[in-house]
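Summary of structural features
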Amino acid sequence: MSETLHRKVVLNSYPDGMPKPSDFRIEESSIPEIGEGEILIRTLYIGLEPRIRLMMNPTNEENKAMRPHGAMTDIGKVIPGTILGAVVKSNNENYNTGDVVEGFLGWQNYIVTDGKPHPTNNPEGVVVCDTSLGEPVHHIGPLGAPGLTSILALKHEGKLQPEETMVITSAAGMVGSIAGQLGLLCDAWVVGLTSSDEKCKYLTDKLNFDVAINYKTANVEEEIKRACPDGVDYFFDNTGGDLADIIKKQLSKAGRVTRCGIIANYNKTGWNQSEQFSGQFSVHNHVDEYSEARKTISDLLRDDALEYELKEFDGLDSAPDAFIQLLEGKNIGKWVIKVS
Ligand SMILES: NC(=O)c1ccc[n+]([C@@H]2O[C@H](COP(=O)([O-])OP(=O)(O)OC[C@H]3O[C@@H](n4cnc5c(N)ncnc54)[C@H](OP(=O)(O)O)[C@@H]3O)[C@@H](O)[C@H]2O)c1
């Protein structure tokens, strides 16, 4: 379906804690024209990512050091986010009409861009996807930033040996579920934490995790001791907060930690972001390894050695509600908005 209007989701108000639908609004205008060096992209999918919540806050003392190149959004501006799209017009020799591309470009159905990287949030710029590696939508899931984060964090920080223990928070999410399966492929003993029995069942029954712990109902300290009596060799932390503190106390002598995300804080104020993000793993520091990592993940998907859940929501208007539900912990795997 090709639409006749440019439609975008913009920030209507700064959220106070968990975002509300009224913090977003849809704006419509005519489809923009491209200038010299630019392309017009028709969005196919938007990938929902928890970190967008942090970008919806006003710039203040807590976060200004994290924004050396300015805020990614503000009142009336488009909500940022990763998209998969098709080039429909091109004045740029790097892109041809019909190319399938991926980039950090925002919640909108049409986008004009020059494809260049953003210095803090998108070091690769708009990438032409190699569709021989898998279905196009994989490029905002396992072949995109979430999958690359899992595989490159394991490579650089996990360095798992057979029979080592690995513990993952937000284990049923996109990054966590891929990281855990990669741990299993290293013959590690893999323990996942998540917030419901349904999600625990997904980890053990579908992904073959050795242990899944419902951190909302279990005594986490005791359950981690039971699952990893000799300590945790590798902690892949997606959430930070109190949960992470309990697990970090049980690291083995050789224990390593990947500080991947701080979801527990994303809806909160009163924490120093640059301090807490300092020393965190960043997939952006490994752009030169993306191509090899994408090939490895593609091979694993093709051999059915990796699996992931994908849920599609229909239409741009569904993005705010779906995003709120993601932050509420309703997702398993990757949630995407099918735009056109
Ligand atoms: N460092 C990097 O380069 C890099 C790159 C990409 C992503 N990340 C980070 O990786 C993490 C995972 O990303 P993802 O895209 O796969 O998202 P995700 O894990 O699917 O995120 C949503 C999940 O977060 C969990 N969650 C929400 N609020 C929470 C809270 N207060 N405490 C604990 N858990 C909470 C919920 O899972 P439960 O049901 O398990 O609570 C929810 O289903 C995020 O922190 C993201 O920012 C880092």
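Just so you know, these numbers come straight off a predicted model, no measurement behind them.

Domain annotation for the chain reports domain 1 (5-137 + 309-338) and domain 2 (145-284). Listed by partner, the interface residues are 17 residues for domain 1 and 20 residues for domain 2. Looking at the side of domain 1 that touches domain 2 residue by residue, the class counts come to eight nonpolar, six polar and three charged.

All right, on to the site of the ligand then. Around the ligand, a shell composed of 30 residues is seen, among which Gly173, Val175, Ser195, Gly261 and Gly329 lie nearest. Of all elements in the fold, only helix 2 (145-158), helix 3 (174-185) and helix 9 (319-327) reach the threshold of two or more residues within the shell around the ligand. The residue inventory of the shell around the ligand, partitioned by class, reads 13 nonpolar, 14 polar and three charged. Counting residues domain by domain, the shell around the ligand receives three or more from each of domain 1 (5-137 + 309-338) and domain 2 (145-284).

Before going further, it helps to spend a moment on helix 2. In terms of burial, helix 2 is a largely internal element, 11 of the 14 residues being buried. Looking at helix 2, one finds that the buried residues are Ala145, Pro146, Gly147, Leu148, Thr149, Ser150, Ile151, Leu152, Ala153, Leu154 and Gly158. Buried residues belonging to helix 2 abut strand 4 (82-90), helix 3, strand 11 (232-237), strand 12 (251-259), helix 8 (290-302) and strand 14 (334-338). One or two residues past the end of helix 2 sits Lys159, with phi positive at roughly 45°.

Moving on, we come to the packing of helix 2 against helix 8. Remark: helix 2 packs on helix 8, axes separated minimally by 10 Å, with the N-to-C direction vectors making an angle of 100°. Of the possible angle classes, the one that applies to helix 2 and helix 8 is roughly perpendicular. Here Gly147, Leu148, Ile151 and Leu152 of helix 2 lie close against helix 8, whose contacting residues are Tyr290, Ala293, Thr296 and Ile297. Counted by class, the contact of helix 2 with helix 8 contains six nonpolar, two polar and no charged residues.

Running from N to C, helix 2 and helix 3 cross one another at 40°; their axes reach a closest spacing of 8 Å. Considering their axes alone, helix 2 and helix 3 lie oblique with respect to each other. Handedness of the crossing formed by helix 2 with helix 3: right-handed. Along its contact with helix 2, which presents Pro146, Gly147, Thr149, Ser150, Ile151, Ala153 and Leu154, the element helix 3 presents Met174, Val175, Ile178, Ala179 and Leu182. Tallied by class, the residues present in the contact of helix 2 with helix 3 amount to nine nonpolar, three polar and no charged.

Before going further, it helps to examine helix 4 (residues 197-206). Turning to helix 4, its buried residues are Lys199, Cys200, Tyr202 and Leu203. Down the axis of helix 4, the smallest arc covering the buried residues is 155°, so these residues share one side. Opposite its buried face, helix 4 presents the exposed residues Asp197, Glu198 and Asp205, each directed more than 90 degrees away. For helix 4, the secondary structure elements touched by its buried residues are strand 9 (189-194) and strand 10 (211-214). One or two steps after helix 4, the chain reaches Asn208, where phi turns positive at roughly 65°.

What counts and how
Residues numbered from 1 in each chain as written. Predicted model: local features only at pLDDT ≥ 70, side-chain atom pairs only at ≥ 80, totals over all residues. Domains from an automatic or database assignment. Contact = placed C-beta atoms within 7 Å. Nonpolar A, V, L, I, M, F, W, Y, C, P; charged D, E, K, R; others polar. Near = placed C-beta within 6 Å. Helix = DSSP H or I, 4+ residues; strand = E, 2+ residues; numbered from the N terminus. Buried ≥ 20, exposed ≤ 12 C-beta atoms within 10 Å, placed from the backbone. Axes fitted to C-alpha atoms, helices over the stretch in contact; angles between N-to-C directions. Parallel < 35°, antiparallel > 145°, perpendicular 65-115°, else oblique. Left-handed = near helix turned anticlockwise from the far one by under 90°. Arc of directions from axis to C-beta.

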